[in-house]
Each structure stands twice: as C-alpha cells, then as structure tokens.
Amino acid sequence: MEKHCTDSRVKGVSTGTTILAAIFDGGVVIGSDSRASMGGEYVSSKTINKVIQVHDRIFCCMAGSLADAQAVIKAAKFHLSFHSVQMESPPQVIAAASVLKDLCYKNKDELQAGFLTAGWDKKNGPQVYVVSLGGMLISQQVTIGGSGSTYIYGYVDAKYKPNMTKEECLQFATNALALAMGRDNVSGGVAHLVVITEKGVEHVVVPGDKLPRFHDE
C-alpha cells in the first residue's frame, strides 16, 4: 500500500463503533452498530454497514479509521479471490484473517484500523479471529471491539456460553450491541448481524427502535 503523510490535526471519518463476533453450536454470529462519526463529534452516517463480506462464508467487522479499513478490506478481497482461484476451493477463515494481519502489519505506521474476522469452513468449522492495530492475530470464541466495547465487557463475560443455539447467540449479540449503543455516544443506529453456518449466510437487521432497552433513555 502506498505510504503517505498525515496531519494529526485533521480528523477523518471514524467508525467510532461497537463490533462483536461469537461462536455458537454449528456457526458464528458477527455484528456491529451502524454509526460513523467525524472525530467523535459529528455523526456523518447513521446507516453504514460495518459487517463486510470478504468471501462466500467469511465476513469481517471494522473499527477505527473508515478510509483505512475500507482500503485494507478492498485489498484483502482481491487476495482472497486470487487465492481461491489458485487453490480451486474457497479460502479458509484463517487465510482471510492472515491476509488482514499481513496488510495491517506491513502498513502499521500508516493504518489506524482493526478487524474482527468470522466465518465457517469445512476444515475447522466456525471461527473468530481478532486482527488488532499493528497486525496481531488472535483466535477467540467470543470477542468485542470498538469504543462501545468498554461498556459491555461485564455483560459478555457473564452471558456468553459455549455451544449456544443460533437463537440464543443472536439474542446475546443483539443485547450486547443494544447495551453498548445505549451508553456510547459514537455507537448507534441499527444493529447489523450476520449468521454464518455450513448451510449458508443469513443477514439480520434490527432497527434502533426495535432494540431491547435495559434502562431509561
């Protein structure tokens, strides 16, 4: 990726966000809010989709600088498409996470973006990976990220259970996003959720007025 100089006084579009991914019995749920802001002060979009499909059964969520994240995802899609043609089979989830990791690490001085990668493949089933700022790669059962995540660590630790059903995991993810969006002023909008299993991909959108409420707002 081409290197460039940045002026720290210029505030770009940030996803100022809450992102989440969790494995359940037979699949994985990945989701986010839909608000983008300028430096955390001006809401530039209420309906941005931060859950991006990078291959048939592989999705990622982005946090940080929106421009940086979109550039990395565009490059990752190209690499994975080329990889699938070479291998004559769909890429594994770890391959997608590794591509994101390499791109983030090689450009760590210029990028301000992190990613959650989730998906399903025939070899390892449902998987979740975290690619943090600087290019660190970690595999986890459940993970959260973004500015809103600081409000829901307790909820996630208390409520997540391995081998949940699809319905339980969807409700868990919806509740977690709703709690974060209710407290974090740069998270909001609607909840975008994607369910990935061996059978395929299911998109779920929960409008803001349909999200569960846990306190008076």
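The structure contained in this document is the topic of the report that follows. (Residues numbered from 1 in each chain as written. Predicted model: local features only at pLDDT ≥ 70, side-chain atom pairs only at ≥ 80, totals over all residues. Heavy atoms only, no water.)

**Quick notes on the state of the cysteines**
- Tallied over the entire structure, the rule returns zero disulfides.
- With no disulfide of its own, C60 has C61 as its nearest cysteine by sulfur position, at a separation of 7.2 Å.
- What makes C60 buried here is its relative accessible area of 0%.
- Its sulfur unpaired, C104 is 9.8 Å from the next cysteine sulfur, which belongs to C60. (Disulfide = S-S within 2.5 Å. Buried < 20%, exposed > 50% of the residue type's maximum accessible area, 1.4 Å probe, protein only.)

**What to know about the environment of V142**
- Mapped onto the secondary structure, V142 falls in strand β11 (residues 142–145).
- Sequence separation between V142 and G189 is 47 residues; the distance between their C-alpha atoms is 23 Å.
- The residues touching V142, leaving out its near neighbours within four places in the chain, are A21, A22, V156, Y160 and F172. (Helix = DSSP H or I, 4+ residues; strand = E, 2+ residues; numbered from the N terminus. Contact = heavy atoms within 4.5 Å.)

**What about helix α4 (residues 166–183)?**
- Relative to the 26 Å expected for 18 residues at 1.5 Å per residue, α4 spans 26 Å between its end C-alpha atoms, a close match to the ideal helical length.
- For α4, the full list of buried residues reads C169, L170, F172, A173, T174, N175, A176, L177, A178, L179, A180 and M181. (Expected span 1.5 Å × (residues − 1).)

**Focus on the sheet that holds strand β7 (residues 58–64)**
- Reading across the sheet, the five strands line up as β6-β7-β8-β9-β10 and stay open at both edges, with antiparallel pairing between neighbours. Since the sheet does not close on itself, it has two edges, and those belong to β6 (51–55) and β10 (137–139), each with one partner. On average, each strand axis in the sheet is inclined to that of its neighbour by 25°, with strand direction left out of account.
- Its contacts with the sheet place helix α1 (residues 66–87) against β6, β7 and β8 (113–121), and it is angled at close to 25° to β6.
- Across the face of the sheet, helix α2 (residues 93–106) comes into contact with β7, β8, β9 (125–131) and β10 while running at roughly 165° to β8. (Pairing = 2+ DSSP bridges. Axes fitted to C-alpha atoms, helices over the stretch in contact; angles between N-to-C directions.)

**So, the sheet that holds strand β2 (residues 19–24)**
- What the five strands build is an open sheet, ordered β11-β2-β3-β12-β13; its pairing is antiparallel. Lying at the two open borders of the sheet, with one neighbouring strand each, are β11 and β13 (200–206). Here the strands of the sheet are splayed against their neighbours by 15° on average, with no regard to which way each runs.
- Pairing of strand β3 (residues 27–32) with strand β12 (residues 191–197) involves six bridges; the strand directions are antiparallel.

**Let's talk about the packing of aromatic side chains**
- Counted by the stated rule, this structure contains three aromatic pairs.
- Relative to F172, the ring of Y155 has its centre 5.9 Å away and its plane inclined at 15°; by these criteria the two rings are stacked. Here Y155, found in helix α3 (residues 153–159), pairs with F172, found in helix α4; they are 17 residues apart in sequence, far enough to count as distant. In this pair, the class of Y155 matches that of F172, namely buried.
- For the pair Y160 and F172, a centre-to-centre distance of 5.7 Å together with 55° between the ring planes defines the contact as tilted. Note that Y160 is positioned in the loop between α3 and α4 and F172 in helix α4, a separation of 12 residues in sequence. Across this residue pair, the class does not change: Y160 and F172 are buried.
- Ring pairs connect the aromatic residues Y155, Y160 and F172, which therefore count as one cluster. (Phe/Tyr/Trp six-rings, centres within 6.5 Å; stacked < 30°, edge-to-face > 60°.)

**Brief notes about unusual backbone geometry**
- Positive phi, close to 55°, is recorded for E88, a residue that is not glycine.
- Within the secondary structure layout, E88 lies in the loop between α1 and α2.
- The phi angle at N163 is positive, at roughly 65°, despite the residue not being glycine.
- Residue position: N163 is located in the loop between α3 and α4.

**Some remarks on the packing of α1 against α2**
- With their axes 10 Å apart at the nearest point, α1 and α2 run at an angle of 135° to one another. On the basis of the axis angle, α1 is oblique to α2. α2 is crossed by α1, and the crossing has right-handed handedness. On the side of α1, the interface is formed by V72, A75, A76, H79 and L80, while α2 contributes A95, A96, V99, L100 and L103.
- The class makeup of the residues in the contact of α1 with α2 is nine nonpolar, one polar and no charged. (Parallel < 35°, antiparallel > 145°, perpendicular 65-115°, else oblique. Left-handed = near helix turned anticlockwise from the far one by under 90°. Nonpolar A, V, L, I, M, F, W, Y, C, P; charged D, E, K, R; others polar.)

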